[in-house]
Amino acid sequence: MQELSDLWLIFRGTLRRKRASLFWFALSVAAFHWLVAVSFPALGGVEAVTSVVRTFPDGLRSLLKLAPNLQAGFGVQDYLAFTWIHPLFIGLGAAFVVSRAADGLTGEIERGSIYLVLSRPVQRWTFVLGRAAEMMLGAGVVSLAAWGGLVIGAMALPYELPLANYLLAAVVAWLLFAALGGGAFLIASFFSRTSTSSALAIAWTLSSFVLDVIPQVANSPIGLVNPWHFYFPQEIVAAGSVDWAGVLVLLAWLFSGVGAAGWVFARRDLA
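Description of the overall build of the protein
Line of reasoning, step 1. Helix and strand counts for the protein come out as 13 helices and 0 strands.
Line of reasoning, step 2. Counting from the amino terminus, helix and strand elements in the protein follow one another as α-α-α-α-α-α-α-α-α-α-α-α-α.
Line of reasoning, step 3. The buried share of the protein, taken over its 271 residues, is 48%.
Line of reasoning, step 4. Relative to all contacts within the protein whose residues are 6 or more apart in sequence, the contacts with residues 24 or more apart total 79%.
Line of reasoning, step 5. Split by element, the accessible area of the protein, about 12800 Å² in all, is 70% carbon and sulfur.

Structure, rendered in structure tokens:
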């Protein structure tokens with residue numbers, strides 16, 4: 001019971017101190033999704049957007065995870081689904097979880113504040129879980145804010161859109177960011193310098209993304225454990241369902257990463 005109480009206090013304290021940055025991350029992604037929705041008519045409609053997307057080579061379509069068959073056109077539903085893989089959105093989401101991991105563990109060591117925290121009878125693994133819980137909640141808030149911005153923007157469009165399906169995409173985006181955060185926490189648990197842990201966590205995020213667009217890797221057994229492999233927003237929106245095997249892989253990355261981070265952090269020398 002004492003561990004649960006400590007975990008709650010660490011989680012609540014972290015959320016209180018980080019609420020301003022969480023607000024700005026959430027507002028940024030909400031504004032982006034709103035802007036993309038309301039700007040669709042200005043692009044010239046379905047025909048204009050389809051003609052542009054048709055010019056993309058197959059490699060770029062694979063990178064952007066666009067459906068290869070455009071015979072039916074690239075409509076507003078596909079256009080809005082694309083925003084969930086847009087570099088700005090996934091960049092902000094990845095930046096959020098990486099910054100939370102680096103500042104939550106190595107930042108505390110670098111500032112020396114970890115020693116004040118651990119001067120109390122607080123288990124180290126509890127400290128890690130409390131910080132990770134705030135990261136997970138924050139990633140969910142960012143993803144939900146993005147969906148909220150899309151919904152508000154879609155109200156200005158004269159189209160019937162499957163808004164519930166976009167919510168599913170937001171949930172999978174949440175799981176993706178949390179999975180990346182699990183890996184970032186594991187990396188951060190080994191280091192005492194924020195710059196080092198941030199650089200390696202960014203490298204982990206980018207390299208896993210790049211590996212998913214290399215066919216030889218993505219189609220191999222290694223590709224099946226890549227968190228990016230199961231993130232296909234256009235398919236989620238079109239089908240209105242998620243790949244449950246992919247959900248399990250993302251959850252495995254989250255829990256194994258955070259769990260391993262707690263184990264490492266509890267046993268390492270913080271000096």
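Things to note about a positive patch on the surface
Line of reasoning, step 1. Where like charges cluster on the molecular surface, the positive patch consists of Arg12, Arg16, Arg17 and Arg19.
Line of reasoning, step 2. Residue position: Arg17 is located in helix α1 (residues 2-17).
Line of reasoning, step 3. Classification of Arg17 as exposed rests on a relative accessible area of 53%.

Comments concerning the environment of Asp269
Line of reasoning, step 1. Position of Asp269 relative to the elements: it lies in the segment after α13 (244-267).
Line of reasoning, step 2. Taking the C-alpha atoms as reference, Asp269 lies 9.8 Å from Ser192; in sequence the two are 77 residues apart.

Observations concerning the packing of aromatic side chains
Line of reasoning, step 1. Inspection of every chain in the model, using the stated rule, returns 8 aromatic pairs.
Line of reasoning, step 2. Ring geometry for Trp8 versus Phe11: centroids 5.7 Å apart, planes at 40°, classification tilted. One end of the pair is Trp8 and the other is Phe11, both in helix α1 and 3 residues apart, which spans about a single turn.
Line of reasoning, step 3. Through a chain of ring-to-ring contacts, the aromatic side chains of Trp84, Phe89 and Phe177 assemble into a single cluster.

Section: the side chain of Ser208
Line of reasoning, step 1. Take Ser208: it is sitting in helix α10 (residues 194-212).
Line of reasoning, step 2. Once residues lying within four places of it in the same chain are set aside, the contact partners of Ser208 are Leu180, Asn226 and Trp228.

Some words on a nonpolar patch on the surface
Line of reasoning, step 1. A grouping of Leu144, Leu167, Val171 and Trp174 is seen on the molecular surface, where their side chains present a nonpolar patch of about 330 Å² in accessible area.
Line of reasoning, step 2. The element best represented in the nonpolar patch is helix α9 (residues 163-188), accounting for 3 residues.
Line of reasoning, step 3. Tracing the backbone shows Leu144 in helix α8 (residues 124-154).

Examining α1
Line of reasoning, step 1. Between its first and last C-alpha atoms α1 spans 22 Å; for 16 residues at 1.5 Å apiece the expected length is 22 Å, and the two agree.
Line of reasoning, step 2. Against α8 lie the buried residues of α1.

Notes on the pattern of salt bridges
Line of reasoning, step 1. Applying the stated criterion across every chain, the model contains 6 salt bridges.
Line of reasoning, step 2. Two residues, Glu134 and Arg100, come together in a salt bridge whose shortest N-O distance is 3.0 Å. Taken together, the residues Glu134 in helix α8 and Arg100 in helix α6 (residues 87-111) connect sequence positions 34 residues apart. Both residues of the pair, Glu134 and Arg100, belong to the buried class.
Line of reasoning, step 3. Between Glu110 and Arg193 there is a salt bridge, with its nearest N and O atoms 3.5 Å apart. Placement of the pair is Glu110 in helix α6 and Arg193 in the loop between α9 and α10, with a sequence separation of 83 residues.
Line of reasoning, step 4. Owing to a relative accessible area of 39%, Glu110 belongs among the partly exposed residues under this scheme.
Line of reasoning, step 5. With a relative accessible area of 52%, Arg193 lands in the exposed category.

Comments concerning the packing of α1 against α8
Line of reasoning, step 1. Following both chains from N to C, one finds α1 and α8 inclined at 45°, their axes separated by 8 Å at the closest point. The angle between the axes of α1 and α8 places the two elements in the oblique class. Our pair here, α1 against α8, has a crossing hand that is right-handed. For the pair formed by α1 and α8, the contact residues are Glu3, Asp6, Leu7, Ile10, Phe11, Thr14, Leu15 and Arg17 on the first element and Trp125, Thr126, Phe127, Leu129, Gly130, Arg131, Ala133, Glu134 and Leu137 on the second.
Line of reasoning, step 2. Residue classes in the contact of α1 with α8 are distributed as 9 nonpolar, 3 polar and 5 charged.

The rules we used
- Residues numbered from 1 in each chain as written.
- Predicted model: local features only at pLDDT ≥ 70, side-chain atom pairs only at ≥ 80, totals over all residues.
- Heavy atoms only, no water.
- Helix = DSSP H or I, 4+ residues; strand = E, 2+ residues; numbered from the N terminus.
- Buried < 20%, exposed > 50% of the residue type's maximum accessible area, 1.4 Å probe, protein only.
- Contact = heavy atoms within 4.5 Å.
- Areas by Shrake-Rupley, 256 points an atom, 1.4 Å probe, with all protein chains shown as cover.
- Patch = residues over 30% accessible without salt bridge, like charges linked within 9 Å, V, L, I, M, F, W, Y side chains within 5 Å.
- Salt bridge = Lys/Arg side-chain N within 4 Å of Asp/Glu carboxyl O.
- Lys, Arg positive; Asp, Glu negative; His and termini not counted.
- Charge placed at Lys NZ, Arg CZ, Asp CG, Glu CD.
- Phe/Tyr/Trp six-rings, centres within 6.5 Å; stacked < 30°, edge-to-face > 60°.
- Expected span 1.5 Å × (residues − 1).
- Axes fitted to C-alpha atoms, helices over the stretch in contact; angles between N-to-C directions.
- Parallel < 35°, antiparallel > 145°, perpendicular 65-115°, else oblique.
- Left-handed = near helix turned anticlockwise from the far one by under 90°.
- Nonpolar A, V, L, I, M, F, W, Y, C, P; charged D, E, K, R; others polar.

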